[in-house]
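# Report on the structure
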Amino acid sequence: AELIDSFADDGEVEIVGQFATRLPAMLIADMFGEPRENCPNLVRWISVMVPGGQGPQHVNDEVNDAFGEFCEHHTEMMAAREGNSSDGDLLLKWMNAEIDGEKLDESQLLFEHALLLAGGVETTRNAIAALAREHGVAFVLGATGVTLVSGEQLEADEVVVAAGALWSPTLLLRSGIGPAEHLSE
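Remember, predicted model here, so these are calculated numbers, not experimental data.

## What to know about a negative patch on the surface
A grouping of Asp-5, Asp-9, Asp-10 and Glu-12 is seen on the molecular surface, where their side chains present a negatively charged patch. Position of Asp-5 relative to the elements: it lies in helix H1 (residues 2-8).

Encoded structure:
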């Protein structure tokens, strides 16, 4: 609700920037016990760091700075959890976990944290964006419905959310996937 409320009054949403990028960042922040106010930093770090993973020719000062900031943030998160043995957030679980009687070392924790953040935010954002493009969703109108790339306006009572915001029966029907008589119910 918090995410939708942040743009509901605007009348429209840019599906990738305002929804597809922010949703996984919020979920991962929750998993790590991060305040949601940190989500813009998480998204920025990932947006800068991921291209650096494509090879040394893509690593520049901006990538190094973003990774340095993320490392600092990760170190602060670990310090805040040090000595806590409760069953808290995911980072704390990793800090207390053992594999064959050995705890993960600091570099393993750092890279698992970065990997989950990058994989979760980037992959989910790209999947939602691809679905939006595939099904012609240009932007979603708050309480009034959905506007397709074709310009066709679907009214709010035509947009049924089921199994995810983008896989609604209405969008599936319009894409030609599945039996029309079943999808139109």
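## Here we look at the packing of aromatic side chains
When we look at a pair of aromatic rings, we describe it by the centre distance and by the angle of the planes. Using the criterion set out here, one finds three aromatic pairs in the structure. Relative to Trp-94, the ring of Phe-32 lies with its centre 5.6 Å away and its plane at 75°, an arrangement referred to as edge-to-face. One end of the pair, Phe-32, is in the loop between helix H3 (22-31) and helix H4 (39-52); the other, Trp-94, is in helix H6 (residues 90-96), and 62 residues separate them in sequence. Each member of the pair Phe-32 and Trp-94 is classed as buried. Judged by centre distance (6.0 Å) and plane angle (25°), the ring pair of Phe-67 and Phe-111 falls under stacked. In this pair, Phe-67 is assigned in helix H5 (residues 61-81) and Phe-111 in helix H7 (residues 106-134), connecting sequence segments 44 residues apart. Under the relative-accessibility criterion, Phe-111 is labelled partly exposed at 49%.

## Points about the pattern of salt bridges
Per the counting criterion, the structure on display carries four salt bridges. The salt bridge partner of Arg-36 is Asp-30, with a shortest N-O separation of 2.5 Å. On the accessibility criterion, Asp-30 (39% relative accessible area) is partly exposed. Across the pair Glu-69 and Arg-44 runs a salt bridge whose closest N-O atoms are separated by 2.7 Å. With Glu-69 in helix H5 and Arg-44 in helix H4, this pair connects stretches of sequence that are 25 residues apart.

## With respect to H4
With 14 residues, H4 ought to run about 20 Å at 1.5 Å a step, and its terminal C-alpha atoms sit 20 Å apart, in line with that. Looking at H4, one finds that the buried residues are Cys-39, Leu-42, Val-43, Trp-45, Ile-46, Val-48, Met-49 and Gly-52. Against the buried residues of H4 lie H3, H5 and H7.

## Some remarks on the packing of H4 against H5
Between H4 and H5, the least distance of the axes is 8 Å, while the angle of their chain directions is 130°. One way to sum up the angle between H4 and H5 is to call them oblique. The interaxial crossing formed by H4 with H5 has left-handed handedness. Judged by residue contacts, Leu-42, Arg-44, Trp-45, Val-48, Met-49 and Gly-52 of H4 engage Glu-62, Val-63, Ala-66, Phe-67, Glu-69, Phe-70 and His-73 from H5. Each residue belonging to the contact of H4 with H5 can be placed in one class, and the counts come to eight nonpolar, two polar and three charged.

Scoring rules and cut-offs
The residue count restarts for each chain, going from 1 along the sequence in the order it is written. Predicted model: local features are reported for residues with pLDDT of at least 70 only, side-chain atom pairs are reported and counted for 80 or more only, and whole-chain, interface and lining totals are derived from all residues. The basis for the side-chain values is all heavy atoms of the structure; hydrogens and waters are excluded. Each patch is built from salt-bridge-free residues with over 30% relative accessible area, joining like charges within 9 Å and nonpolar side chains (Val, Leu, Ile, Met, Phe, Trp, Tyr) within 5 Å. For the area figures, the Shrake-Rupley method with a 1.4 Å probe applies, and any residue is considered shielded solely by the protein chains shown. By definition here, a salt bridge exists when the distance from a side-chain nitrogen of Lys or Arg to a carboxyl oxygen of Asp or Glu is within 4 Å. None of His or the chain ends enter the tally, which takes Lys and Arg as positive and Asp and Glu as negative. Here the site of a charge means atom NZ of a Lys, CZ of an Arg, CG of an Asp or CD of a Glu. Numbering of helices and strands starts at the N terminus; helices are DSSP runs of H or I of at least 4 residues and strands are runs of E of at least 2. The aromatic pairing rule takes the rings of Phe, Tyr and Trp, using the six-membered ring of Trp, and pairs them if the centres are within 6.5 Å, calling planes under 30 degrees apart stacked, those over 60 edge-to-face and the rest tilted. Here the term buried applies to any residue with accessible area under 20% of the maximum for its type, exposed to any over 50%, and partly exposed to those in between, with areas from a 1.4 Å probe on protein chains only. Multiplying 1.5 Å by the residue count of a helix minus one yields the expected span of that helix. We call two residues in contact whenever any of their non-hydrogen atoms come within 4.5 Å of each other. To get an axis, fit a line to the C-alpha atoms, keeping to the stretch in contact for a helix; angles then go from 0 to 180 degrees between the N-to-C directions. An angle counts as roughly parallel when it lies under 35 degrees, as roughly antiparallel when it exceeds 145, as roughly perpendicular when it falls between 65 and 115, and as oblique in every other case. Crossing handedness is read from the near helix: turned anticlockwise from the far helix by less than a right angle, it gives a left-handed crossing, and turned clockwise, a right-handed one. Side-chain classes are defined by residue name, with Ala, Val, Leu, Ile, Met, Phe, Trp, Tyr, Cys and Pro counting as nonpolar, Asp, Glu, Lys and Arg as charged, and the others, Gly among them, as polar.

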